[in-house]
Amino acid sequence: MRSFYLTDAGKVRDHNEDSVVIIKNSDNAVLMAIADGMGGHSAGEVASSLAITYLSKHFNETFINMAKLDAATWLRDSVNEINSRIFSYEKTNPESKGMGTTLVLAIITNDYILFGNIGDSSGFVMKDGKLHKVTYDHTLVNLLVSAGELTAEEAKEHPKKNVLMKALGANDPIDIDIFDCDMDIDEILLCSDGLTNMLEEEQIEQVLLSDIAIEDKVIKLITKANNRGGTDNISVAYLQLRKEGEE
């Protein structure tokens with residue numbers, strides 16, 4: 001198992017509001033997570049950092065010998081705690097009112113893989129040389145596509161394509177979508193919408209299939225997104241479950 005992550009401010013934003021982590025705990029379970037913050041006065045940066053810092057510490061301290069159903073409960077409870085902390089921070093820091101963050105994560109154990117997400121950061125898997133999206137974006141246009149009111153192509157150019165229907169710090173109560181993932185996969189990719197708004201899935205897949213080191217794949221994805229405009233912060237977390245050539 002090999003992994004690498006990187007975050008970049010992009011070409012337009014003057015600071016980075018994304019937070020990223022990949023950690024392995026004492027139980028040899030792995031947590032990958034990306035939070036894409038929003039809100040003025042650097043409040044988005046605070047929200048995303050709060051989410052990732054809490055998740056990382058809580059994962060290291062409490063995620064031990066956990067069965068799949070217990071892990072799903074752990075995820076829901078963790079998200080509720082993060083949401084409460086964001087709202088509490090806002091109360092004592094009025095200038096941060098309106099701050100929030102998306103969250104996408106994956107938990108990898110020897111027995112199961114779970115994905116979770118809130119908002120429009122994305123989780124993908126690579127299987128048999130093909131990239132598959134696991135998560136569902138909580139956006140207005142995705143809701144309209146699901147209702148048959150927009151086509152997928154229309155959604156890409158819609159003026160409100162970045163309007164979120166769900167985010168930490170914006171909804172109370174909050175619930176996280178949890179996906180039980182097939183164990184027979186080769187790679188996991190998490191990213192903020194700064195990548196998926198700039199690159200098509202086929203372009204991401206092409207980079208992941210290239211014969212270069214995992215660090216170079218992540219750097220190449222971010223470079224390509226910046227070359228296409230880099231209109232937002234760009235974060236990528238990438239994990240290979242098997243080394244190349246390993247069955």
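Nothing here was measured: the structure is a model prediction, and the numbers come from that model. (Residues numbered from 1 in each chain as written. Predicted model: local features only at pLDDT ≥ 70, side-chain atom pairs only at ≥ 80, totals over all residues. Heavy atoms only, no water.)

Observations concerning the packing of aromatic side chains
Applying the stated criterion across every chain yields a total of three aromatic pairs. Aromatic side chains F63 and W74 sit 5.2 Å apart centroid to centroid with 80 degrees between the ring planes, which places their arrangement in the edge-to-face category. Residue F63 is located in the loop between helix 1 (43–62) and helix 2 (68–92), and its partner W74 is located in helix 2; the two are separated by 11 residues in the primary sequence. There is no split in this pair, since F63 and W74 are both buried. Taken together, F59, F63 and W74 form an aromatic cluster joined through their ring pairs. (Phe/Tyr/Trp six-rings, centres within 6.5 Å; stacked < 30°, edge-to-face > 60°. Helix = DSSP H or I, 4+ residues; strand = E, 2+ residues; numbered from the N terminus. Buried < 20%, exposed > 50% of the residue type's maximum accessible area, 1.4 Å probe, protein only.)

Let's talk about the nonpolar core
Of all hydrophobic cores here, the largest spans 32 residues; its most connected members are F63, L103 and L105. At the level of secondary structure, the elements contributing two or more residues to this core comprise strand 2 (18–24), strand 3 (30–38), helix 1, helix 2, strand 5 (103–108) and strand 6 (113–118). Considering each element in turn, this core owes the most residues, eight residues, to helix 1. (Core = buried A, V, L, I, M, F, W, Y, C linked by side-chain atoms within 4.5 Å.)

Considerations on unusual backbone geometry
Cis geometry is found at the peptide bond from D172 to P173, where omega equals 5 degrees. Even without being glycine, N28 reaches a positive phi, approximately 65 degrees. Look at D128: it is not a glycine, yet its phi comes out positive at around 50 degrees. Its location among the elements puts D128 in the loop between strand 7 (122–127) and strand 8 (130–133). The class of D128 is exposed, set by a relative accessible area of 69%.

Some words on the pattern of salt bridges
Evaluation of the coordinates by the stated rule reveals 10 salt bridges. With its nearest N and O atoms 4.0 Å apart, the salt bridge here joins E215 to R2. Note that E215 is positioned in helix 7 (residues 214–227) and R2 in strand 1 (residues 2–8), a separation of 213 residues in sequence. One salt bridge connects K68 with D180, and the closest N-O pair in it is separated by 2.8 Å. With a gap of 112 residues between them, K68 in helix 2 and D180 in strand 9 (residues 177–181) connect regions that are remote in the sequence. Residue K68 is classed as partly exposed on the basis of its relative accessible area of 33%. (Salt bridge = Lys/Arg side-chain N within 4 Å of Asp/Glu carboxyl O.)

Examining the sheet that holds strand 7
One open sheet accounts for five strands, arranged 1-11-10-7-8; its pairing is antiparallel. Of all strands in the sheet, those with a lone pairing partner are strand 1 and strand 8, marking the two edges. Pairwise comparison of adjacent strand axes, ignoring direction, gives a mean angle of 15 degrees for this sheet. Where strand 7 meets strand 8, four bridges bridge the pair, whose relative direction is antiparallel. Pairing of M126 across the sheet is with L131, part of strand 8. The strands that helix 6 (residues 201–209) touches are strand 7, strand 8, strand 10 (187–191) and strand 11 (234–240); relative to strand 8, the one it contacts most, it runs at about 130 degrees. (Pairing = 2+ DSSP bridges. Axes fitted to C-alpha atoms, helices over the stretch in contact; angles between N-to-C directions. Contact = heavy atoms within 4.5 Å.)

Structural notes on a nonpolar patch on the surface
Nonpolar side chains collect at one region of the surface, where Y136, L143, V163 and M165 lie side by side and expose about 330 Å² of accessible area between them. Relative to the elements of secondary structure, V163 occurs in the loop between helix 4 (152–156) and strand 9. (Patch = residues over 30% accessible without salt bridge, like charges linked within 9 Å, V, L, I, M, F, W, Y side chains within 5 Å. Areas by Shrake-Rupley, 256 points an atom, 1.4 Å probe, with all protein chains shown as cover.)

Brief notes about the side chain of S56
Note on placement: S56 falls in helix 1. Excluding anything up to four places from it in sequence, S56 contacts V21, I23 and L31.

Side note on the pairing of strand 3
Most of strand 3 is tucked away, with eight of its nine residues classed as buried. Summarising the sheet, strand 2 and strand 3 pair through seven bridges and their orientation is antiparallel. Bridge pairing links D18 to D36 in strand 3. From the end of strand 2 to the start of strand 3, which pair antiparallel, there are five residues, and N28 there has a positive phi angle of about 65 degrees. Pairing of strand 3 with strand 5, which is carried by five bridges, proceeds in the antiparallel orientation.

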